[in-house]
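# A structural walkthrough
Listed below are the residues making up each chain.
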Amino acid sequence: MYLLKQKFPENKVSSLFLWTRAMMDIKAQEPWQKLQKNTLMILQIIILVLIALALCRPYFSDLFASDYNIIIIDSSMSMQATDKEKTRFEFAKAKAISLVSSAKPGSYTCIINMASSATFLCNFDSNKSNVLSKLDKLKVTNEKTDYLGAKSLVLALLQSNKVASVYLLSDTKFSIPGITVKFIDTSGNGWNYAVNSLTHTIGKKNITAFTQVSNYSLEPVTLPISLLVDKNVFDAKNLDLSPGETKGIFWTQIPLKSTFIEAKIDKADFLTSDNTAYDTVNSSKPIKVVLVTKENIFLEKSVMTYNNLTLFKMEASSNSVFKGYDLYIFDGFLPQVLPTDGNIMIFNPPANNYFNVSGEISPSELKRSEHSVFKYVDDYSFAMKKSKKLEVPNWGEGVLESKEGNLIFAGEFEKKRFMVFGFDLHNTDLVLKPVFPVIINNSLEWLLPMGIKNVEKLLTGDSAYFNIYPKTVEAKIIDPDKKKFTIFPPYPVKLFDEAALPGIYTLEQNLGDGTDMYYFAVNPPVETESNIKVKTIETPGELQKDKAKVLNQNFLNIQLFMILLILIFLLIEWWVYAYGN
Amino acid sequence: MGELFDNEFIQKLQNLKIYTRNSADTGFSGARKSRSKGSSVEFSDFRQYFDGDDFRRIDWNAYGRFDKLFVKLFMEERESNIYLFLDASTSMDFGTPNKNYISRRLGAAFSYMTLAGYDSLNIAAINSSNSDSIKGLRGMNSFVRALNYLKTIQYTGKCNLLSSIKIMNPKKKGISIIISDLFIDEELSEILGYLKYLNHEVYLCHCLSPEEIKPSIGGNFRLVDSETQKYFDVTCTSSILKVYEKTYQGFITNIEDLCIKYAVNYIDANTSRKFEEILKKAVK
């Protein structure tokens, strides 16, 4: 190659002055040229990079650890999933402990426990060991996630303009307007199957149950489902499900005498709490009602339409003994001593020792009622010739009012429920209106103890009020672990809010001369918790508000510093251009 | 001396005078018109008589005509300072005819005209190894000395025009004549600007040889700079030569533009031109 290298004969010229310039012109016109070292070009590239960086609004986060830390820890049912080292909750708890431990000395930590309601575990406590001890005791639940409650708590905490770092340890991501939330994802790659619901219908000869099952995984699956009746396996079926699919199964020929029904998935997944659904079949004890009247065919007929009710008639007499009925209906009559073993419904009451009846009124315009007795009643156009003027006692509340006074009131007195109609049904055309049987039915609903009436499904974490018999001495609720919760006495009946476990619960009422058992089912919140893939909850429009205004700024914004650098480099470039070379 | 001038040419020089737009008003009385009004015999102008004026200067003819007293004014004759800067770098010793020959002949011609016009002559041959110069030559008796100086110039090294001019320390107001090929690293605008700052009339004689104006080489060559010995290899094709020609035109245009800007007399001293033609531009 050296030998073949072309040799250029020397040609001495006076100066390469013009030749150099000529060659530079030739090189400048070449389409592809070697990049020349150029100070100005390098400076301009630096300036462009700085401008691009400045436009990105860079900042250092957590450069200076905050004095205030808010940690939201999700303890809902989905956090029981075992697709982390132990469970998601254990993972989240470990992270929370790590955050608290590494917080700078003297900083304040607030822990929000997010289950079916968001509550403070501790509120800006600077004592780390205290916070850690509370965290250690925190347990996962079978409840749904109250992210809205958590949002409200955080916003309330930051109202005093505290600069706080907010951490969310959950498998559900949500944003809080105007707040920078550091989301620590506790979800894994696990999959889940769930029994969505279990219901039944009672036929003449047997019971039919219906189960809905969902596949919350990414693969098709065949799930073995078994049905247990009164704790014994009654039937088993296989169900083929595609990813994300929900299907139903009917179970027939279940004996009428059955009380407890369970539907169960017999295949392992990462969340077992929702693999079983529960349902109860309560035997319906006939209700005994006595109608004490001279003659009131309208009332008699409308009461008889009520389900599961046996109506007895009695003539009004001061010698009559009133005992052994669930409901006493007195029409234009009131005994000296009211019965104690049932509730009371009174029409056209005479003067008595239980409430004041003063004179008569001729009601004109009736006021619309919000009481449950007038549920589904829109027509208030019935006429009334006259009515007793009722004074609502302090233990009662008005049900129907007119301009002239109260016409109906209801209340509880001496463990008995009272509903008092001030008018004789014969003095009104209400009995001819379609709303009459509705009003009577609603009144009986309110007067007769039927267990859980208004709650169609009770989920873990939910709460409910229970109706008890008037003669109940003591009422308790027993959970699936046989733990007992007394809801009565004292009066009034306590709200039951201890439905922590899914399963069959029992309302046990000691009636004095016997015990009444009522069973109800508590099921896990499958709809919100069973899909255990990490979720992002977006509230439309919410994220747009106050986006520019972040309350808890805990970062060092270096955009201004970038702009300053740009100006400096511009000055340097100007100087090089003007005075360089 | 015969190689620089013959008698015929020197006779032609006798009728030449360097025309200057500036009027010298410092120094000794030389054969040049100064705008200052002095005591010579050449009439210049009239002005009104004031108390204290020399009454011998009163023009009585003007009095008879206008019935007012006027005095005559006469031109004052002062000498000019002429500075001759010759580029004595290696690049000037090149070409056919050789640029140094033209450069020295021009130098001799300007020297003759200066001394014949009773002006003060200062000559400097500029290169990186020579700092000699001769200053304050007056009268034709000094012409031989000027010629000898020109004859002994060594063309070597690089040319540092501006610094050498500053070393000469020219006086304010005068004439500067630069004879160079202008293949210099310095900015010509700085040099001209400095001389104009000194209020000099500047003549720029640009010496180039035909080989530099339009090279006729072709093929692969290693071009070597005679001053720096730097080189680069080039394949001289017609397109390369066209680019060189364009570069040369740009070079000349740039210099001419600067001369217009600084009111400098540009003289194209291309060595292929006749000597008399070159001098015509400097002649009144």
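Reference entry: report on the structure contained in this document. For every chain, the first residue of its written sequence is number 1, and the numbers climb from 1 along that sequence. Chain labels run from A onward and ligand labels from 1 onward, assigned in the order the entries are written. The predicted origin of the model limits local features to residues at a pLDDT of at least 70 and limits the giving and counting of side-chain atom pairs to 80 or more, whereas totals for whole chains, interfaces and linings rest on all residues. Hydrogens and water molecules were not included; the side-chain quantities draw on all heavy atoms of the structure.

All names here are of chain A. Strand β14 (residues 260–265) sits mainly inside the fold: 5 of its 6 residues count as buried. Here strand β11 (residues 221–229) pairs with β14 via 5 bridges, running antiparallel. Within β14, the position partnered with L228 by the bridge is E262. Both β14 and strand β15 (residues 276–280) contribute to a ladder of 5 bridges, which runs antiparallel. Bridging from a neighbouring strand, I261 pairs with D279 of β15. The buried label goes to any residue with under 20% of its type's maximum accessible area, the exposed label to any with over 50%, and the partly exposed label to all in between, with areas taken from a 1.4 Å probe on protein chains only. The helix and strand labels rest on DSSP assignments: H or I over at least four residues marks a helix, E over at least two residues marks a strand, and numbering proceeds from the N terminus. In short, DSSP must find at least two bridges between two strands for them to pair.

Quick look at the packing of helix α3 (residues 99–116) of chain B against helix α4 (residues 143–151) of chain B now. Residues and elements named next belong to chain B. Under this scheme, a helix contributes an axis fitted over its contacting stretch, all axes are lines through C-alpha atoms, and angles between N-to-C directions fall in the 0 to 180 degree range. Packing of α3 against α4 leaves a shortest axis separation of 10 Å and a crossing angle of 165°. If you check the angle between α3 and α4, you find them roughly antiparallel. The handedness of the crossing between α3 and α4 comes out as right-handed. Residue-level inspection shows R104, G107, A108, S111, Y112 and L115 of α3 in contact with α4, the latter providing F143, A146, L147, L150 and K151. Only Asp, Glu, Lys and Arg are considered charged in this grouping, and only Ala, Val, Leu, Ile, Met, Phe, Trp, Tyr, Cys and Pro are considered nonpolar; every other residue, Gly among them, is considered polar. Grouping the constituent residues of the contact of α3 with α4 by class yields 7 nonpolar, 2 polar and 2 charged. If an angle is under 35 degrees, it is roughly parallel; if it is over 145, roughly antiparallel; if it lies from 65 to 115, roughly perpendicular; otherwise it is oblique. The handedness criterion is simple: a crossing whose near helix is rotated anticlockwise from the far helix by less than a right angle is left-handed, and one whose near helix is rotated clockwise is right-handed. In this analysis, two residues are considered to be in contact whenever any of their non-hydrogen atoms come within 4.5 Å of each other.

What follows covers the side chain of S369 of chain A. Residue and element names in this part refer to chain A. Within the fold, S369 resides in the loop between β20 (357–361) and β21 (387–390). Note on S369: relative accessible area 11%, which makes it buried. N or O atoms closer than or at 3.5 Å make up a polar contact, with two conditions inside protein: a donor-capable atom paired with an acceptor-capable one, and, for residues adjacent in sequence, both atoms drawn from side chains. Here H371 takes part through its backbone nitrogen, which lies 3.1 Å from a polar atom of the side chain of S369. From its side chain, S369 meets the backbone oxygen of V399 in a polar contact 2.5 Å long. Once residues within four sequence positions are removed from consideration, S369 is found in contact with F374, Y380, V399 and L400.

Residue and element names in this part refer to chain A. Along its 15 residues, helix α3 (residues 88–102) runs 21 Å from first to last C-alpha, staying within 8% of the 21 Å computed at 1.5 Å per residue. Inspection of α3 places R88, F89, F91, A92, K93, A96, L99 and V100 among the buried residues, and these make up the whole buried set. Packed against the buried residues of α3 are β3 (68–74), β4 (108–114), α4 (128–137), β6 (164–170) and β8 (181–185). Working rule for helices: expected span equals 1.5 Å times residues minus one.

The next thing to look at is the pattern of salt bridges. All names here are of chain A. A carboxyl oxygen of Asp or Glu within 4 Å of a side-chain nitrogen of Lys or Arg is what we treat as a salt bridge. Counted according to the given criterion, the structure contains 14 salt bridges over all chains. Among the salt bridges present, the one from E300 reaches K313, with a minimum N-O distance of 3.0 Å. Of this pair, E300 sits in helix α6 (residues 297–304) while K313 sits in strand β17 (residues 309–314); the two residues are 13 residues apart in sequence, bridging distant segments of the chain. The network of salt bridges with shared partners includes D83, R88 and D171.

In this description, a nonpolar core means a group of buried Ala, Val, Leu, Ile, Met, Phe, Trp, Tyr and Cys residues linked to one another through side-chain atoms lying within 4.5 Å. By size, the foremost hydrophobic cluster in this structure holds 46 residues, and its most contacted members are W19 of chain A together with F85, L161, I191 and L204 of chain B. Residues in contact with L204 of chain B, not counting those within four places in the same chain, are I178, L182, L188, I255, C259, V264, N265, Y266 and I267 of chain B. Ranked by size, the runner-up nonpolar core spans 39 residues in total, among them L291, L311, L327 and I361 of chain A.

Residues and elements named next belong to chain A. Within strand β24 (residues 416–421), 6 of the 6 residues are buried, leaving the element largely enclosed by the surrounding structure. Two strands pair when backbone bridges link them, and strand β19 (residues 343–347) and β24 are joined in this way by 4 bridges, in the parallel orientation. Across the sheet, the residue bridging to M345 is M419, located in β24.

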